Amino acid sequence: EYAALLNKIKETEATVGEDYETKEGGATLKQEIDKAYELAGNADATSADLESEIEILEKAALTFCIANATPGSGIAPKVTATNQYVATGATEALMRATMTGSNILERGVCWSTERNPTVLDNRTTKNFSLNGYIFHVKGLKPATVYYLRPYVMNKTYTVAYGDEVKIVTHPQGTCTWSWDDAGPADANERCRKALQETIDLFNEWTGVRGFHLSGHYVQIGRAHV
């Protein structure tokens with residue numbers, strides 16, 4: 001973790017440039033870089049401390065870069081369409097959006113429990129390509145109101161946002177499963193995995209409560225059920 005923190009410090013310094021202290025937010029970023037160096041030299045620092053500092057420094061650097069964004073060359077980033085329908089589970093969501101622009105650094109979705117979320121709140125760039133981008137939001141809390149916005153950021157840290165969409169995650173399902181372990185070890189392993197994945201999907205995306213799925217191994221000729 002010490003090496004990871006030092007790498008993050010060097011990466012941050014390379015990104016913001018030598019004269020960053022003269023720019024907006026430079027003094028604040030300098031304080032965070034100094035704090036990171038101090039922690040990197042502390043032999044008593046815990047793994048949690050080091051990992052937390054990496055996240056804090058990354059956010060501080062992004063805050064600085066956005067505050068000092070320049071238009072850059074090419075086509076400005078723009079979210080041209082935000083699909084108002086968001087597939088919502090208990091802790092996940094799927095959101096579709098369309099972006100344009102050149103020299104793109106990131107495309108993603110940001111979210112918060114407060115209105116007008118930004119990339120400095122929570123964000124993800126994980127997506128599926130299916131006639132455009134479908135972004136996969138994870139780490140939400142069940143039965144909670146969230147606000148989501150798609151965004152696109154170019155390499156000079158100009159950020160454009162799409163329309164905000166309000167969602168309410170549904171309660172986690174309480175479905176369960178069981179397998180009788182009556183088959184060979186490899187078959188038992190495959191079947192347990194399949195049942196677990198099925199019930200995980202039920203609990204995440206349906207909110208069904210109280211359903212139990214049981215599996216049994218039966219050999220019929222060469223077929224296994």
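Every value quoted in this text rests on a predicted model; they were computed, and no experiment measured them. In every chain, residue numbers begin from 1 and rise along the written sequence. Local features in a predicted model are, by the rule used here, given only for residues with pLDDT of at least 70; side-chain atom pairs are given and counted only at 80 or more, and totals for whole chains, interfaces and linings are based on all residues. Processing note: side-chain calculations cover all non-hydrogen atoms of the structure and skip hydrogens and water entirely.

1. Quick look at the packing of helix α2 (residues 26–40) against helix α3 (residues 47–67)
Logical step 1: The axes are straight lines fitted to the C-alpha atoms, using for helices just the contacting stretch, and the angles between their N-to-C directions are given from 0 to 180°. For the purposes of this entry, the term helix denotes a DSSP run of H or I that reaches at least four residues, the term strand denotes a run of E that reaches at least two, and both are numbered from the N terminus. The N-to-C vectors of α2 and α3 enclose an angle of 160°; their axes lie 10 Å apart at closest approach. Of the possible angle classes, the one that applies to α2 and α3 is roughly antiparallel. Read as a crossing pair, α2 and α3 show a hand that is left-handed. Judged by residue contacts, G26, L29, E32, I33, K35, A36 and L39 of α2 engage D49, L50, E53, I56, L57, A60, A61 and F64 from α3. Note on terminology: angles under 35 degrees are roughly parallel, angles over 145 are roughly antiparallel, angles of 65 to 115 are roughly perpendicular, and the others are oblique. A crossing counts as left-handed when the near helix is turned anticlockwise from the far one by less than a right angle, and as right-handed when that turn is clockwise. The contact criterion used is simple: two residues touch if any of their non-hydrogen atoms lie within 4.5 Å.

2. Some thoughts on the pattern of salt bridges
Logical step 1: A side-chain nitrogen of Lys or Arg and a carboxyl oxygen of Asp or Glu constitute a salt bridge if their distance falls within 4 Å. What the rule picks out here adds up to 9 salt bridges.
Logical step 2: The residue K23 makes a salt bridge to D19 at a minimum N-O spacing of 3.8 Å.
Logical step 3: Residues E164 and R115 are paired through a salt bridge, measuring 2.3 Å at the closest nitrogen-oxygen approach. Separated by 49 residues along the polypeptide, E164 in the loop between β9 (159–161) and β10 (165–168) and R115 in the loop between β4 (104–112) and β5 (122–124) bring together distant segments of the chain.
Logical step 4: Shared partners join several salt bridges into a network, and the residues in it are K8, E11 and E58.

3. Observations concerning the packing of aromatic side chains
Logical step 1: Any two of the Phe, Tyr and Trp rings considered here, Trp counted by its six-membered ring, make a pair once their centres fall within 6.5 Å; the pair's planes then place it as stacked at under 30 degrees, edge-to-face at over 60, or tilted in between. Applying the stated criterion to the full structure yields 3 aromatic pairs.
Logical step 2: On the basis of an interplanar angle of 90° and a centroid distance of 6.2 Å, the ring pair of Y20 and F64 is categorised as edge-to-face. With a gap of 44 residues between them, Y20 in the loop between α1 (2–16) and α2 and F64 in helix α3 connect regions that are remote in the sequence. For the pair shown, Y20 and F64 are each scored as buried.
Logical step 3: Taking 5.8 Å as the distance between ring centres and 20° as the angle between the ring planes, the aromatic pair formed by Y133 and F135 counts as stacked.
Logical step 4: Taking NZ or CZ as reference, R149 lies 4.1 Å from the ring centre of Y161, over its face. Each residue gets one of three labels from its accessible area relative to the maximum for its type: buried under 20%, exposed over 50%, partly exposed in between, using a 1.4 Å probe on protein chains only. Only lysine NZ and arginine CZ atoms are considered, and such an atom sits over a ring when it is within 6 Å of the ring centre and within 35 degrees of the ring normal.

4. A short note on the environment of T158
Logical step 1: The residue T158 is located in the loop between β8 (145–154) and β9 in this model.
Logical step 2: With a relative accessible area of 24%, T158 lands in the partly exposed category.
Logical step 3: The spatial distance from the C-alpha of T158 to the C-alpha of L5 is 26 Å, given a sequence separation of 153 residues.
Logical step 4: In this view, T158 contacts A69, T70, P71, P77, V152 and M153; residues no more than four positions away in its chain are not counted.

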